[in-house]
Amino acid sequence: MSEHSGVTRFGMIGHGWMGNAIAPDFQECEGVELVALGARDAERARPWAEERGIPSTVPVDELLDRDDIDVVYIATPHHNHAELALRAIDAGKGVLVEKAFTTTLAEAEAVVDAARTAGVFLMEAMWTRFNPAIRVIQRLIAEGAVGTPRTVMASFGFPLPYGDHRLWDPARAGGSLLDQGVYPLTIAQLVLGEPDTVAATGSRLGYDGSDTGVDSELGMLLGYSGGQQAVLASSIRTQLPLSAAIGGDEGLIEIAEAFWSDTTYTLRKPDGFRETRTEAKEGNGYVPMLRAVHEAMSNGWLEHPLSSHADSLALMRTVDRVRAALG
């Protein structure tokens, strides 16, 4: 790995929707710098990078060879996350991988094992784990604000017109599970942990009733040995609530839309008490995650405690179990 200079220098691979959303937040976060974009067609991607203040655009291989990059941020669709992460690790770089971390648990284990062997930093870019409202909610739950949490309900869905969008493409690991379903699963596992049982239902049907080859709508029920449950849904065919709720035997916390990034939540009690709070949001919401990467790199950590390797592996293990439950 290149010597850490005090500023964490990022190179980004991918300049689609995700890259467009996060690029401005590098300028909002102290201690980090986005120094280069890696692209299959560097010339074509250069105007996009220049518009966002990224000083250099190069082919991916050249990006991985550069000595002025500490962390490679992989912002491509999930189907090539594992391949690109392994290449970056082999080049001695720290790696921040967009969610979903990989497409399967086996891929996730290979990436984690490679990073540990190489002694480089690796983290899944699940920004929800760093959302300041989620962090406060976790503290409130630990302090007993809802008593014992027993039920999590969350969903993420919108009707996506059928066409050449990657979410309708099996070759690019499309479907609702990896793109949307990981968010309800994440909030459930942040609150209740990894489930003991996983049940799922859904379909691969398109609007005309044909088999699209991807999970177009999905319902998930996670069960726990103490009777707790998580009731979750995702869809690229149906508009669903983008909110979440955490219920316990002494109260309820409701997280506003969109629950994975919004910073407003409401605490309700059985006696009628109701309080809505809003935490500060920085940039587009990715600043706390980028700051965490800088913290880890500055301290020589190979993972961050708020988004650990174990967290990512547990999420991918549940993703595999959902697939198995769907048959």
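Residue numbers run consecutively from 1 along every chain, following the written order of its sequence. Side-chain atom pairs in this predicted model are given and counted only at pLDDT of 80 or more, local residue features only at pLDDT of at least 70, and totals for whole chains, interfaces and linings cover all residues. Note that the side-chain values use all heavy atoms of the structure and ignore hydrogens as well as water.

> Looking at this model, I keep getting lost on helix α9 (residues 309–326). Mind explaining?
Per the convention used, a helix needs a DSSP run of H or I reaching at least four residues, while a strand needs a run of E reaching at least two, with both numbered from the N terminus. Here a helix's expected span is defined as the number of its residues, less one, multiplied by 1.5 Å. With 18 residues, α9 extends 26 Å from end C-alpha to end C-alpha; this agrees with the ideal 26 Å at 1.5 Å per step. Three exposure classes are used, based on accessible area relative to the maximum for each residue type with a 1.4 Å probe and protein chains only: buried under 20%, partly exposed in between, and exposed over 50%. Buried within α9 we find His309, Ser312, Leu313, Ala314, Leu315, Met316, Thr318, Val319 and Val322. Only heavy atoms enter the contact rule, under which two residues are in contact if any of them lie within 4.5 Å. For α9, the elements touching its buried residues are α5 (105–118), β6 (122–125), α7 (176–192), β8 (197–203) and β9 (217–223). Looking one or two residues past α9, glycine 327 carries a phi angle of roughly 80 degrees, positive in sign.

> How do you make sense of the packing of aromatic side chains when you look at a structure like this?
The geometry of an aromatic ring pair comes down to the distance between the two centres and the angle between the two planes. Any two of the Phe, Tyr and Trp rings considered here, Trp counted by its six-membered ring, make a pair once their centres fall within 6.5 Å; the pair's planes then place it as stacked at under 30 degrees, edge-to-face at over 60, or tilted in between. For the structure shown, the criterion picks out nine aromatic pairs. When the centroid spacing of 4.9 Å and the interplanar angle of 65 degrees are considered together, the rings of tyrosine 162 and tryptophan 168 count as edge-to-face. Its relative accessible area of 3% is what places tryptophan 168 among the buried residues. In this structure an aromatic cluster arises from ring pairing among Phe156, Phe158, Tyr183, Phe259 and Trp260.

> Any chance you could explain the pattern of salt bridges here in plain terms?
For side chains bearing opposite charge, pairing can occur when the charged atoms are close. The term salt bridge refers to a side-chain nitrogen of Lys or Arg lying within 4 Å of a carboxyl oxygen of Asp or Glu. Per the stated rule, a full pass over the model turns up 19 salt bridges. A salt bridge links aspartate 169 to arginine 172; its shortest N-O distance comes to 2.9 Å. The class of arginine 172 is partly exposed, set by a relative accessible area of 28%. Note that arginine 277 is salt-bridged to glutamate 275, the shortest N-O span being 3.0 Å. Judged by relative accessible area, arginine 277 falls into the partly exposed class, the value being 25%. A cluster of three or more residues bridged by salt bridges with shared partners is formed by Glu30, Glu282 and Arg291.

> Before we go on, may I ask you to explain the pairing of strand β1 (residues 8–13) in this structure?
Here is the key point about a regular strand: its side chains alternate between the two faces of the sheet. Counting buried positions along β1 yields six of six residues, so the element is predominantly enclosed. Residues Thr8, Phe10 and Met12 line one face of β1 and the alternating positions Arg9, Gly11 and Ile13 line the opposite face, and both faces are buried. By definition, two strands form a pair when at least two bridges between them are found by DSSP. Across six bridges, β1 lies against strand β2 (residues 32–39) in parallel orientation. Along β2, the bridge assignment pairs arginine 9 with glutamate 33. Every crossover in which the path from the first strand over the helix to the second runs clockwise, viewed with the strands pointing away from the viewer, is termed right-handed. Chirality of the crossover, the property in question, places the unit of β1, helix α1 (residues 17–28) and β2 among those that are right-handed.

> Just checking my understanding: could you explain the environment of arginine 166 for this structure?
Here arginine 166 lies in the loop between β7 (149–157) and α7. Once residues lying within four places of it in the same chain are set aside, the contact partners of arginine 166 are Pro77, His78, Arg172, Gly174 and Asp179. Throughout this description, a polar contact denotes any pair of N or O atoms lying within 3.5 Å of each other; where both atoms belong to protein, one of them has to be capable of donating a hydrogen while the other can accept it, and for residues adjacent in sequence the pair is counted only when both atoms sit in side chains. A distance of 2.7 Å separates a polar atom in the side chain of arginine 166 from a polar atom in the side chain of aspartate 179.

> What's the story with the nonpolar core in this structure? I'm lost.
Taken as a class, soluble globular proteins show a tendency for nonpolar side chains to be buried jointly. Throughout, nonpolar core names a set of buried Ala, Val, Leu, Ile, Met, Phe, Trp, Tyr and Cys residues whose side chains join them through atoms within 4.5 Å. Within the largest apolar cluster, 103 residues are counted, with the highest numbers of intra-cluster contacts made by Phe10 and Leu96. If one sorts the elements of this core by residue count, α7 sits on top with nine residues. In this structure, leucine 96 is in contact with Phe10, Val71, Val72, Tyr73, Ile74, Met123, Glu124, Ala125, Met289, Leu290 and Val293, ignoring residues within four places of it in sequence. Within the second largest apolar cluster, five residues are counted, among which are Leu160, Leu167, Val214 and Ile236.

> Just to check I follow, could you spell out the layout of surface pockets for this structure?
The gaps left among the atoms become clear once a water-sized probe is rolled over them. Quantified by volume, the largest pocket comes out at close to 1,100 Å³. As for the largest pocket, its lining consists of 38 residues, of which Gly16, Ala75, Thr76, Pro77 and Arg166 are closest to the centre. If you list the elements that add at least two residues to the lining of the largest pocket, you get α1, β2, α2 (42–51), α4 (81–90) and α7. Ranked by residue count, the leading element in the lining of the largest pocket is α4, at four residues. Classifying every residue of the lining of the largest pocket by side-chain character gives 17 nonpolar, 11 polar and 10 charged. In this analysis, the protein atoms alone were mapped onto a 1 Å grid. Cavities are point sets where a 1.4 Å probe fits without being able to get out; pockets are open sets with protein on both sides within 12 Å along at least five of seven lines; lining residues have an atom within 4 Å of a point. As for the second largest pocket, its lining consists of 17 residues, of which Arg204, Gly213, Val214, Asp215 and Arg323 are closest to the centre. Elements supplying a minimum of two residues to the lining of the second largest pocket: α7, β8 and α9. Here the nonpolar group is Ala, Val, Leu, Ile, Met, Phe, Trp, Tyr, Cys and Pro; Asp, Glu, Lys and Arg are the charged ones; every other residue, Gly included, is treated as polar. For the lining of the second largest pocket, the per-class residue count stands at six nonpolar, seven polar and four charged. Grid points are joined across faces, edges and corners, and a volume is the space filled by probe spheres set on the points.

> Just checking my understanding: could you explain the side chain of arginine 129 for this structure?
Residue placement: arginine 129 occurs in the loop between β6 and α6 (132–142). A polar contact of 3.1 Å, which involves the side chain of arginine 129, links it to the side chain of glutamate 124. Those residues in contact with arginine 129 that lie beyond four places of it in its chain are Glu124, Arg135, Thr186, Leu190, Leu306, Ser307, Asp311, Ser312 and Leu315.

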